[in-house]
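Remarks on the overall topology
Residues per chain are reported as follows:
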Amino acid sequence: MHKLAKLSAFFGKTFAFWVIAAAIIAFYFPENFKILAPYISILLGIVMFGMGLTLRAKDFSEVIKRPIDVIIGIVGQFAIMPLLAYALCIILNLSPEVSVGVILVGCCPGGTASNVMTFLSRGDVPLSVTISACTTVLAPVVTPTLIYFFADQWVTVDPMAMFMTIVKMMVLPIVAGVLVNTFFGKHVQSALPALPLISVFAIVAIVCSVVAVSHDQIARTGLIIFAVVVLHNVLGLALGYGLAKLFKMDLKKSKAMSIEVGMQNSALGVALAMAHFNPLSAVPSAIFSVWHNISGPILATIFANMADEDEKQAKSSNKTQEQSNNSANLTEVSNA
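Here we summarise the structure given alongside this text. Residue positions within a chain follow its written sequence, with the count starting from 1. pLDDT decides what is reported in this predicted model: residues at 70 or higher carry local features, side-chain atom pairs at 80 or more are listed and counted, and totals for whole chains, interfaces and linings draw on all residues regardless. The side-chain values count all of the structure's non-hydrogen atoms but skip hydrogen atoms and water molecules.

Things to note about the overall build of the protein chain
Filter applied, for reference: Segments assigned H or I by DSSP are reported as helices when at least four residues long, segments assigned E as strands when at least two residues long, and all are numbered from the N terminus. Exposed residues in this analysis have more than 50% of their type's maximum accessible area, buried residues have under 20%, and partly exposed residues fall in between, with area computed by a 1.4 Å probe over protein chains only. Accessible surface area values rest on a Shrake-Rupley calculation with a 1.4 Å probe, where residue burial reflects the displayed protein chains alone.
Helix and strand content of the protein chain: 16 helices and 0 strands. Looking at the protein chain as a whole, 50% of its 336 residues are labelled buried. Here the protein chain has roughly 16400 Å² of accessible surface; of this, 69% comes from carbon and sulfur atoms.

What follows is the structure in structure tokens.
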């Protein structure tokens with residue numbers, strides 16, 4: 001189990017590499033990966049079940065402790081990213097299929113990767129976990145509603161059908177995971193180290209299937225979609241940080257808010273696109289899955305090296321005190 005945990009940690013840390021490598025292979029050998037397409041919903045269910053195994057009631061405790069911060073995060077998640085997506089589609093005059101795909105990923109809840117990035121950035125992890133959990137719970141109602149509102153001008157959207165899809169592919173597996181964790185927690189704990197490995201392989205398989213099925217469309221519009229996804233993610237991260245500062249949050253909260261708003265559950269976007277729209281509509285979510293696992297670690301590194309005013313003052317005070325103590329010691333030595 002120790003070796004499995006180390007292997008799982010390795011794949012978790014190098015996740016972006018495996019997704020990129022697999023996507024390239026699937027692009028050049030699409031026929032070998034098209035067989036995965038019918039299993040996207042099952043693969044997403046596996047990822048969500050794993051998420052459920054890590055959730056507990058305490059993950060929602062911040063709602064009671066600081067409801068305003070959590071509400072700001074939820075509203076930011078479900079307002080900034082959909083509005084950005086819609087604006088990019090209109091400004092860049094994207095095709096209906098691509099527009100729907102960009103809006104899809106924008107309307108998804110936050111992903112669990114945001115919690116890891118918040119931890120690495122030395123941000124407010126409890127706040128991050130609570131916002132992710134809350135947006136995931138709200139997703140069956142909020143996500144289809146937002147997609148209908150923003151994408152109905154391009155395609156016919158059936159909110160009720162999408163609601164049922166999200167319930168089956170995301171909510172039920174998460175609930176099952178929570179129940180298993182609740183009643184068999186002691187046995188589950190020993191298996192938790194393997195979850196990153198399972199999630200990596202499931203998401204890699206999802207990305208490969210989308211790339212394979214959409215090979216011809218990606219060849220024609222891949223660079224444009226990539227540019228839109230990068231803009232969407234970077235602007236989301238920046239506006240999430242700006243939202244926190246607007247409400248005068250401290251640096252730790254601002255880091256969490258930035259990452260929560262900018263990082264999406266892109267696997268859900270892929271699954272919804274494949275179930276309800278054109279395969280090309282799944283490409284933005286697939287590329288987002290690759291990109292935000294590159295931008296996330298970069299931003300986490302930048303954030304980790306940032307210190308708020310309290311930390312700076314504490315360091316300055318400690319340094320002054322140390323210098324004072326050194327001077328006192330030198331004076332004592334001289335007098336002796």
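Overview of the environment of Ile-198
One can find Ile-198 in helix H11 (residues 195-213). In this structure, the C-alpha to C-alpha distance between Ile-198 and Val-47, residues 151 residues apart in sequence, is 7.6 Å.

Side note on the nonpolar core
Note the threshold: Nine residue types can take part in a nonpolar core, namely buried Ala, Val, Leu, Ile, Met, Phe, Trp, Tyr and Cys, and a core is a set of them joined through side-chain atoms within 4.5 Å. Contacts between residues were defined by any pair of non-hydrogen atoms, one from each residue, lying within 4.5 Å.
Leu-44, Leu-104, Ile-147 and Leu-272 are the most contacted members of the largest nonpolar core, which totals 83 residues. Ranked by residues supplied to this core, first place goes to H11 with 12 residues. When near neighbours in sequence (up to four residues on either side) are disregarded, Leu-104 contacts Ile-147, Met-162, Gly-269, Leu-272, Ala-273, Phe-277 and Ser-281. Grouped together as the second largest cluster of nonpolar side chains are 7 residues, Leu-237, Met-263, Leu-299 and Phe-303 included.

As for the packing of aromatic side chains
Short version of the rule: Here is the rule: rings of Phe, Tyr and Trp (six-membered ring for Trp) pair when centre to centre is within 6.5 Å. Planes less than 30 degrees apart are stacked, more than 60 are edge-to-face, and the remainder are tilted.
Enumeration over the complete set of coordinates arrives at 6 aromatic pairs. Ring geometry for Phe-27 against Tyr-28: centres 5.4 Å apart, planes inclined by 90°, an arrangement best described as edge-to-face. On the basis of relative accessible area, Tyr-28 is assigned to the exposed category, the value being 61%. On the basis of an interplanar angle of 80° and a centroid distance of 5.9 Å, the ring pair of Phe-226 and Trp-291 is categorised as edge-to-face. Highlighted residues: Phe-226 in helix H12 (residues 215-246) and Trp-291 in helix H15 (residues 283-304), separated in sequence by 65 residues. You can call Phe-226 partly exposed: its relative accessible area is 39%. By way of ring pairs, the aromatic residues Tyr-86, Phe-149, Phe-150 and Trp-154 are connected into one cluster.

Let's talk about the packing of helix H14 (residues 266-276) against H15
The following threshold applies: Working convention: axes come from line fits to C-alpha atoms, limited for helices to the stretch in contact. Angles between N-to-C directions cover 0 to 180 degrees. Any angle from 65 to 115 degrees is called roughly perpendicular, while one under 35 is roughly parallel, one over 145 is roughly antiparallel, and all others are oblique. By the definition used in this description, the sense in which the near helix is turned from the far one sets the handedness, with an anticlockwise turn below a right angle giving left-handed and a clockwise turn giving right-handed. Here the term charged refers only to Asp, Glu, Lys and Arg, the term nonpolar to Ala, Val, Leu, Ile, Met, Phe, Trp, Tyr, Cys and Pro, and the term polar to all other amino acids, Gly among them.
The N-to-C vectors of H14 and H15 enclose an angle of 170°; their axes lie 8 Å apart at closest approach. In this view, H14 runs roughly antiparallel relative to H15, as classed from their interaxial angle. Considering how the two elements wind past one another, H14 and H15 form a crossing that is left-handed. Seen from H14, the contacting residues are Ser-266, Gly-269 and Val-270; seen from H15, they are Ser-285, Ala-286, Phe-288, Ser-289 and His-292. Considered class by class, the residues forming the contact of H14 with H15 number 3 nonpolar, 5 polar and no charged.

Interpretation in functional terms is not warranted from these geometric data alone.
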